[in-house]
Amino acid sequence: MGSRASTLLREEEIEEIKKETGFSHSQITRLYSRFTSLDKGENGTLSREDFQRIPELAINPLGDRIINAFFPEGEDQVNFRGFMRTLAHFRPIEDNEKNKNSSASEPLNSRTNKLLFAFRLYDLDRDDKISRDELLQVLEKVDVEQKMSIRFLH
Amino acid sequence: AEGAVAGAVFQVWVFVVLFLIMLPAMFGLSLGVTGVYIQVLVKILEWATVRIQRGRMEQPSVPVPLPNGIIERAGGSMEEEIGELRNSFALSDAFYFYKKGLESIVDDQVTQRFSSEELASWNLLTRTNQNFRYISLRLTIIWVLGVFVRYCILFPLRITLAIIGLSWLVIGTTLVGFLPENSVKTWLSELVHLTCYRICARGLSATIRYYNKENKPQKGGICVANHTTPIDVVILANDGCYAMVGQIHGGLMGVIQRSMVRSCPHVWFERSEMKDRHAVTSRLRAHVAAKTKLPILIFPEGTCINNTSVMMFKKGSFEIGGTIYPVAIKYDPRFGDAFWNSGKYNMVSYLLRMMTSWAIVVNVWYLPPMTLQDGEDAAHFASRVKSAIAHQGGLLDLDWDGGLKRGKVKDSFKEEQQKMYSSIIVGQNGINKDANRF
């Protein structure tokens, strides 16, 4: 029964993604379902065309840059891990995470990482430079946590 | 001895089909068997739902399908989120577009309309079993019984009825076609069409409820409905006679179409004619203008949508003139998935799936007739009718084009978004204060 999404994702993989991104078990399986529905070629990866098939994304003026952010340097396909890693930047910061002063690496959805993600969307030639003043302005005044977060349902 | 048994079985079969199903169907009567069947089904499905919910609580690893999507969208318009009349560009403006873009990647309003609706609870059909695992022995037994009933009992019955219905349509309309044009011919033609569609409806175990019959489409009008499946035609034609509109096909479909048009004027186009919008419109206009002809049946979405929403109505149908009779059609997904995903299934496999579902349960609402108002253009009128249908049928009213199933979205939409944004940062004067800096 059921040859669809959730049976193709192994438990170990779900655990690894959970640790890396902070999404819950049910969120990961649901997002996997979404990933497979976008994957028209059914080869386990998404291409740029798969993204461009979403009309709301196609009319977004920054749509192309967003799509680019999913693909590592020079590659044309993104697998589910990469997909989740990019989406993880938009997970809301939970209260119990805010006060963690962990010496371990920062979670993907921390304020800094959200800003870094947004920065990279601007820095098209990936040389790590955009105007300093404008960046400072963003760092000071903008509610980055709210503007760069999506409410994923449990 | 075997021959006698086979002969007896065959006789019983013919008796059942002819007298218990076909004849009552032709006269629009019902023996009540389907009603009882549906009630029994509902009880079983309700029990199954409860059982599955109990099973889910014991198996927390299986995700619960969410009716409203994966994310909760904080809906603000571009003006609200970016800030009105700021008259300058800020780096952080991009966040609005990033967020909207990522939200649409996770869950968008359009692509989900072109595949079957996900059910909140399994309805014991193999094909809808996406996220449901083994839960209990009793459930599995019921499922196996269901497979047996559907494939070995219902399916042969339904195929027989469908064949009888379609043959009757072809033969009947050809015979009526020999008559001279008079009121007898018209009456006979309507009888043939109605009885054939009624037999076909029985061939799908269709239970149809019509509401507001006083608004039924009249001669010389245009009937407009949301489109989910080719079966929509059978559903509507069970209660009235319509002039069909469409492209002439080859093969079996073509035979049916050519014989139908002998007994009453349907509007069939050659493939080359379909491309010429002007020719199509003028032919339809001529049909409507002769007020004695049957109402035209048109599906303005242009393609099958999965019955959770109504997508953009193409304005061509609304430029013909005449009175529009909107009709809303809503299928009950518990008993079978009526949506035809033409990319995934061809017509034959789709019909086979339909005939092995539990049943087709439909609600049809006839809405009050609408006409073009003064100063209104066809696109706006189309939108108005669409909203009325969506509202009545409990469907989501979307402005997206159903053609996006196969094609790309037009660049002009992206340009609209860009225009909206620039009007925010440039302000009403059209002059950017900061431009003087450069």
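Just so it is clear, the structure is predicted and the values come from calculations on it, not from any experiment.

With that settled, the discussion passes to the overall build of chain B. When helices and strands are tallied, chain B shows 13 helices and 10 strands. Buried positions account for 47% of the 438 residues belonging to chain B. By sequence separation, contacts in chain B at least 24 residues apart represent 78% of the contacts at least 6 residues apart. For chain B, the accessible area works out to roughly 22,100 Å², and carbon and sulfur atoms hold 61% of it.

Glancing now at the overall build of chain A. Secondary structure assignment for chain A yields 10 helices and 1 strand. Reading chain A from its N end, one meets helices and strands in the order α-α-α-α-α-α-α-α-α-α-β. Looking at chain A as a whole, 44% of its 154 residues are labelled buried. Across chain A, contacts joining residues at least 24 apart in sequence account for 59% of those joining residues at least 6 apart. As displayed, chain A offers around 8,400 Å² of accessible surface, 47% of which is attributable to carbon and sulfur atoms.

The next subject is the side chain of Thr303(B). All names here are of chain B. In this fold, Thr 303 is placed in the loop between strand S6 (296-298) and strand S7 (309-310). Overall, Thr 303 belongs to the buried group, its relative accessible area being 12%. Among the polar contacts made by the side chain of Thr 303, one reaches the side chain of Lys 405 at a distance of 3.1 Å. Here Thr 303 is in contact with His 227, Gly 402, Lys 405 and Arg 406, once residues within four sequence places are set aside.

This part is about the pairing of strand S3 (residues 222-225) of chain B. Residues and elements named next belong to chain B. Side-chain alternation along S3 places Ile 222 and Val 224 on one buried face and Cys 223 and Ala 225 on a second face that is also buried. By the bridge criterion, 3 bridges tie S3 to S6 in an arrangement that is parallel. Across the sheet, Ile 222 pairs through a bridge with Ile 296, a residue of S6.

This part is about the nonpolar core. If you look at the biggest cluster of nonpolar residues, it comprises 48 residues, and the most contacted ones within it are Phe51(A), Phe70(A), Phe80(A), Phe83(A), Met84(A), Leu87(A) and Tyr98(B). Contributing elements (two or more residues each) for this core: helix H1 (11-21), helix H2 (25-38), helix H5 (63-70), helix H6 (80-88) and helix H8 (111-122) of chain A together with helix H4 (93-106) and helix H13 (411-426) of chain B. Ranked by the residues each element gives to this core, the list is headed by H4(B), at 8 residues. Contacts of Met84(A), omitting those with residues within four sequence positions, involve Ile17(A), Thr21(A), Phe23(A), Ile28(A) and Leu31(A). Ranked by size, the runner-up nonpolar core spans 40 residues in total, among them Cys196(B), Cys200(B), Ile208(B) and Ile235(B).

Residue and element names in this part refer to chain A. Throughout the structure, instances matching the rule amount to 20 salt bridges over all chains. In this structure, Arg 81 and Glu 20 form a salt bridge, with 3.3 Å as the shortest nitrogen-oxygen distance. In this pair, Arg 81 is assigned in helix H6 and Glu 20 in helix H1, connecting sequence segments 61 residues apart. Judged by its relative accessible area of 29%, Glu 20 is partly exposed. Through salt bridges that share partners, Glu 16, Glu 20, Arg 81 and Arg 85 make up one connected network.

This chain's UniProt record puts "domain: Phospholipid/glycerol acyltransferase" (unreviewed entry) on residues 221-332 of chain B. In residues 221-332 of chain B, helix accounts for 34% and strand for 22%; the two terminal C-alpha atoms are 28 Å from one another.

Our next topic: the UniProt feature "domain: EF-hand" (unreviewed entry) in chain A. According to UniProt, the feature "domain: EF-hand" (unreviewed entry) maps to residues 26-61 and 110-145 of chain A in the numbering used here. Along residues 26-61 of chain A one finds 61% helix and 0% strand; the C-alpha atoms at either end are 32 Å apart.

Packing of H2(A) against H4(B) leaves a shortest axis separation of 9 Å and a crossing angle of 85 degrees. By the criterion of interaxial angle, the relationship of H2(A) to H4(B) is roughly perpendicular. Between H2(A) and H4(B), the residues in contact are Leu31(A), Arg34(A) and Leu38(A) and Ser104(B), Ile105(B) and Val106(B), respectively. Of the residues contributing to the contact of H2(A) with H4(B), the split by class is 4 nonpolar, 1 polar and 1 charged.

On to the sheet that holds S3(B), then. Residue and element names in this part refer to chain B. Strand order across the open sheet formed by 7 strands is S2-S9-S8-S3-S6-S4-S5, with mixed pairing between neighbours. Sheet topology places strand S2 (206-211) and strand S5 (267-269) at the edges, where each strand pairs with a single neighbour. On average, each strand axis in the sheet is tilted by 25 degrees relative to the strand beside it, whichever way the strands run. When strand S8 (residues 324-331) meets strand S9 (residues 360-366), the two strands line up antiparallel, connected through 5 bridges. Paired with Val 327 across the two strands is Tyr 366, which belongs to S9.

Turning our attention to a nonpolar patch on the surface. Taken together, the side chains of Phe10(B), Trp13(B), Val14(B), Phe15(B), Leu18(B), Phe19(B), Leu20(B), Leu23(B), Phe27(B) and Leu29(B) define a hydrophobic patch exposed on the protein surface, amounting to about 960 Å² of accessible area. Checked against the element boundaries, Leu18(B) lands in helix H1 (residues 2-26).

Once that is clear, we can look at helix H10 (residues 277-289) of chain B. All names here are of chain B. In this model, H10 (13 residues) spans 18 Å end to end at C-alpha, consistent with the 18 Å of a helix rising 1.5 Å per residue. Those residues of H10 that sit buried are Val 280, Thr 281, Leu 284, His 287 and Val 288. Around the axis of H10, the buried residues are gathered within 125 degrees of arc, so they sit on the same side. Turned more than 90 degrees away from the buried face of H10 sit His 278 and Ala 289, all of them exposed.

Here we take up the packing of aromatic side chains. Summed over the entire model, instances satisfying the criterion amount to 17 aromatic pairs over all chains. Judged by centre distance (5.3 Å) and plane angle (75 degrees), the ring pair of Tyr96(B) and Phe97(B) falls under edge-to-face. Of the residues examined, Tyr96(B) reaches a relative accessible area of 12% and is grouped as buried. Phe97(B) sits in the buried class, given a relative accessible area of 4%. For the ring pair Trp340(B) and Tyr350(B), a centre distance of 6.0 Å and an interplane angle of 40 degrees mean the geometry is tilted. Placement of the pair is Trp340(B) in the loop between S8 and helix H11 (347-355) and Tyr350(B) in helix H11, with a sequence separation of 10 residues. Tyr350(B) carries the same exposure label as Trp340(B), and that label is buried. An aromatic cluster of at least three residues, connected via ring pairs, comprises Tyr32(A), Phe35(A), Phe51(A), Phe70(A), Phe71(A), Phe80(A) and Phe83(A). One Lys or Arg, Arg150(B), reaches over the ring of Trp358(B) and ends 5.2 Å from the middle of that ring. The ring of Tyr345(B) has Arg353(B) sitting right over it, with the charged end atom 4.2 Å from the ring centre.

Moving on, we come to the pairing of strand S4 (residues 243-247) of chain B. All names here are of chain B. As paired elements, S4 and S6 share 2 bridges and run parallel to each other. Bridging from a neighbouring strand, Met 244 pairs with Leu 297 of S6. Strand direction decides the pairing type here: S4 and S5, joined by 3 bridges, are parallel. Among the inter-strand pairings, Val 245 is bridged to a residue of S5, identified as Val 267. Regarding topology, helix H8 (residues 251-263) serves as the crossover connection from S4 to the parallel S5, and that connection is right-handed.

How each quantity is defined
Residues numbered from 1 in each chain as written. Chains lettered and ligands numbered in written order. Predicted model: local features only at pLDDT ≥ 70, side-chain atom pairs only at ≥ 80, totals over all residues. Heavy atoms only, no water. Helix = DSSP H or I, 4+ residues; strand = E, 2+ residues; numbered from the N terminus. Buried < 20%, exposed > 50% of the residue type's maximum accessible area, 1.4 Å probe, protein only. Contact = heavy atoms within 4.5 Å. Areas by Shrake-Rupley, 256 points an atom, 1.4 Å probe, with all protein chains shown as cover. Polar contact = N/O pair within 3.5 Å; in protein donor to acceptor, adjacent residues only side chain to side chain. Pairing = 2+ DSSP bridges. Core = buried A, V, L, I, M, F, W, Y, C linked by side-chain atoms within 4.5 Å. Salt bridge = Lys/Arg side-chain N within 4 Å of Asp/Glu carboxyl O. UniProt positions renumbered as here; feature names shortened; annotations may be inferred. Axes fitted to C-alpha atoms, helices over the stretch in contact; angles between N-to-C directions. Parallel < 35°, antiparallel > 145°, perpendicular 65-115°, else oblique. Nonpolar A, V, L, I, M, F, W, Y, C, P; charged D, E, K, R; others polar. Patch = residues over 30% accessible without salt bridge, like charges linked within 9 Å, V, L, I, M, F, W, Y side chains within 5 Å. Expected span 1.5 Å × (residues − 1). Arc of directions from axis to C-beta. Phe/Tyr/Trp six-rings, centres within 6.5 Å; stacked < 30°, edge-to-face > 60°. Lys NZ or Arg CZ within 6 Å of the ring centre and 35° of its normal. Right-handed = clockwise from strand over helix to strand, strands pointing away.

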